[in-house]
Amino acid sequence: MEYKKILVMTDFSKDSMVAVETAASLAYKFGAELSVLHVAHDEAHFDLYVFEKELDSINRKIIEEAEASFCRLEEEVPLLKDVTWESLIRRGAPYEEGLHEIESRDYDLLVLGSHGKRGVKRFLYGTTAEKMIRNCPVSVHVTRYECTGLKK
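Residue numbers run consecutively from 1 along every chain, following the written order of its sequence. In keeping with the predicted nature of the model, local features appear solely for residues at pLDDT of at least 70, side-chain atom pairs appear and are counted solely at 80 or more, and the whole-chain, interface and lining totals rest on all residues. Side-chain descriptors were evaluated using all non-hydrogen atoms of the structure, hydrogens and water having been removed beforehand.

1. What to know about the overall build of the chain
- To qualify as a helix, a DSSP run of H or I must reach at least 4 residues; to qualify as a strand, a run of E must reach at least 2; elements of each kind are numbered from the N terminus. Scanning the chain from N- to C-terminus turns up five helices and five strands.
- Start at the N end of the chain and walk to the C end: the helices and strands fall as β-α-β-α-β-α-β-α-α-β.
- Whether a residue is buried, partly exposed or exposed follows from its accessible area with a 1.4 Å probe, protein chains only, as a fraction of its type maximum: under 20%, in between, or over 50%, in that order. Counting across all 152 residues of the chain, residues that qualify as buried make up 39%.
- Contacts are assigned to residue pairs with any non-hydrogen atoms lying within 4.5 Å of each other. Here the analysis covers contacts within the chain between residues at least 6 apart in sequence; of these, 76% occur between residues at least 24 apart.

2. Looking at helix H5 (residues 128-135)
- Taken as a whole, H5 has its buried residues at Ala 129, Lys 131 and Met 132. In an axial view of H5, the angular spread of the buried residues amounts to 165°, which keeps them on one side of the axis. Summarising the geometry, the arc corresponds to the directions from the helix axis toward the C-beta atoms.

3. Observations concerning the packing of aromatic side chains
- Pairing of aromatic rings covers Phe, Tyr and the six-membered ring of Trp, with a centre-to-centre limit of 6.5 Å; geometry is then stacked below 30 degrees between planes, edge-to-face above 60, and tilted otherwise. Applying the stated criterion to the full structure yields two aromatic pairs.
- A ring pair is formed by Phe 12 and Phe 70, whose centres lie 5.1 Å apart and whose planes are at 85°; its orientation type is edge-to-face. Highlighted residues: Phe 12 in the loop between strand E1 (5-9) and helix H1 (14-30) and Phe 70 in helix H2 (residues 52-76), separated in sequence by 58 residues. The residues Phe 12 and Phe 70 share a single accessibility class, namely buried.

4. Some thoughts on H1
- To estimate how far a helix should reach, multiply one less than its number of residues by 1.5 Å. Between the first and last C-alpha of H1 there are 25 Å, a value that for 17 residues agrees with the 24 Å anticipated at 1.5 Å per step.
- Looking at H1, one finds that the buried residues are Asp 15, Ser 16, Met 17, Val 18, Ala 19, Val 20, Ala 23, Ala 24, Leu 26 and Ala 27.

5. Looking at the packing of helix H3 (residues 94-104) against H5
- The convention used is that axes are lines fitted to C-alpha atoms, helices contributing only their stretch in contact, and that angles between N-to-C directions extend from 0 to 180 degrees. Two numbers describe how H3 lies on H5: the axes approach to 9 Å, and their chain directions differ by 35°. Here H3 and H5 pass one another in a crossing that is right-handed. In contact with Pro 94, Tyr 95, Gly 98, Leu 99 and Ile 102 of H3, H5 contributes Thr 128, Lys 131, Met 132 and Asn 135.
- Note that Gly is not counted as nonpolar here; it falls among the polar residues with everything else outside the nonpolar set of Ala, Val, Leu, Ile, Met, Phe, Trp, Tyr, Cys and Pro and the charged set of Asp, Glu, Lys and Arg. Looking at the contact of H3 with H5, its residues break down into five nonpolar, three polar and one charged. Put simply, a crossing is left-handed when the front helix is turned counterclockwise from the back one by less than a right angle, and right-handed when it is turned clockwise.

6. Considerations on the sheet that holds strand E3 (residues 85-91)
- With parallel pairing, five strands are arranged side by side in an open sheet as E3-E2-E1-E4-E5. Only two strands of the sheet have a single partner each, and these edge strands are E3 and strand E5 (139-144). Neighbouring strand axes in the sheet, compared pairwise and without regard to direction, differ in orientation by 25° on average.
- Helix-sheet contacts for H1 involve E1, strand E2 (33-40), strand E4 (109-114) and E5, and the interaxial angle to E4 is about 155°.
- Sheet strands in contact with H5 are E1, E4 and E5, and its direction is about 155° off that of E4. Strands were regarded as paired on the criterion that DSSP finds at least two bridges between them.

Structure follows, in structure tokens:
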């Protein structure tokens, strides 16, 4: 299999940094384009609790923080300097926006990190990784920080 266009999803956690590093490595190996997607949770109902001016401020801060995290990404994953990559920011539910992104472009592979959450929350809701795997129209590579042998 050869990959030409790879999407990796990140929330900038240690788990997702392993996914970004893996995706960058695959992009380098195959000469593929890499898109790094961060989905900021939608706070559509905040307007019930805060004034419009505060909501605008919150929205600006969320985008600014995501952009600042993207600026630090090449420092955290130096291999990104050796591949063609772009940063993408979407708002909403991560698995829904991830699927929308995949459907909007011609990706060959999705790479994402799993937090490995267990227990009642996982049983009732499922994880973003599980939802993506169940519904993704392209191959999915899931990474786990705990499996790298790195210390948290």
